[in-house]
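# Geometric and topological summary
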Amino acid sequence: MYPQTVQAADEYTRRLNQHEAAVSRYQSIHIRVGNLRLAIAVVAAVLAWESLKQHVLSPWWLLVPALVFAAVAAFHARILRHRDLAQRAVTFYKRGFARIEDRWVGQGQTGERFSDPHHIYASDLDLFGRGSLFELL
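All residue numbers refer to position in the chain's written sequence, counted from 1. Reporting in this predicted model follows two pLDDT cut-offs: at least 70 for local features of residues, and 80 or more for side-chain atom pairs to be given and counted; totals over whole chains, interfaces and linings ignore these cut-offs and use all residues. Excluded from the side-chain calculations are hydrogens and water; all other atoms, namely the structure's heavy atoms, are used.

### Quick word on the environment of G96
Strands here mean DSSP runs of E at least two residues long; helices mean DSSP runs of H or I at least four residues long; both are numbered from the N terminus. Along the polypeptide, G96 turns up in helix 2 (residues 63-100). For the exposure calls, accessible area comes from a 1.4 Å probe over protein chains only, and a residue counts as buried if that area is under 20% of its type's maximum, exposed if over 50%, partly exposed in between. Classification of G96 as buried rests on a relative accessible area of 1%. Along the chain, G96 and Y12 lie 84 residues apart, while their C-alpha atoms are 7.5 Å from each other.

### Considering a nonpolar patch on the surface
A patch consists of residues exposed above 30% relative accessible area that lack any salt bridge, with like charges linked at up to 9 Å and nonpolar side chains (Val, Leu, Ile, Met, Phe, Trp, Tyr) linked at up to 5 Å. Only the protein chains shown count as covering a residue, and every accessible area follows the Shrake-Rupley method with a 1.4 Å probe. Any carboxyl oxygen of Asp or Glu within 4 Å of a side-chain nitrogen of Lys or Arg constitutes a salt bridge here. Together, L38, V42 and V46 make up a nonpolar patch on the protein surface, roughly 270 Å² of accessible area in all. Of note, V46 is situated in helix 1 (residues 3-53).

### Some details on the packing of aromatic side chains
The geometry of an aromatic ring pair comes down to the distance between the two centres and the angle between the two planes. Any two rings among Phe, Tyr and Trp, with Trp reduced to its six-membered ring, count as a pair given centres within 6.5 Å; such a pair is stacked if its planes are under 30 degrees apart, edge-to-face if over 60, and tilted if neither. A full pass over the atoms with the stated rule returns 2 aromatic pairs. On the basis of an interplanar angle of 85° and a centroid distance of 5.0 Å, the ring pair of Y12 and Y93 is categorised as edge-to-face. Here Y93 lies in helix 2 and Y12 lies in helix 1, a separation of 81 residues in the sequence. Each member of the pair Y12 and Y93 is classed as buried. Note on F92 and Y93: the rings are 5.1 Å apart at their centroids and 85° apart in plane angle, and the pair reads as edge-to-face. An aromatic cluster of three or more residues is present, and its members are Y12, F92 and Y93. Put simply, a charge is over a ring when the Lys NZ or the Arg CZ is close to the ring centre, within 6 Å, and near the line of the ring normal, within 35 degrees. Above the plane of the ring of Y26 lies R25, whose end atom (NZ or CZ) is 5.2 Å from the centre.

Structure, rendered in structure tokens:
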């Protein structure tokens, strides 16, 4: 390998590890926030029972878990978005390793739909198809 390739591989390794750790961290938070949302829903059901059937509490108390649930749901959506972005970065760097190690053939889109069989140079230039420039890029 060339020195630049080794440096790029080291940098890709560092970044891949960083993004994989982020995916793991966001997945853990996702599970905890999901459990919190479930607990809030149970509390809301108990409050609904107490306020509507038992007439112990005012129905206005149902606003509290509803607002808390909405806030937690918004936070949860942000966590899921960050996890998905980190997962996309992991995929990007894994594909980068495939390019560095010359294992990229057959892993990308071939772009066959853009190929013009009547073009005189298209097949000579390997623009589309397996192992083509389109797949590399």
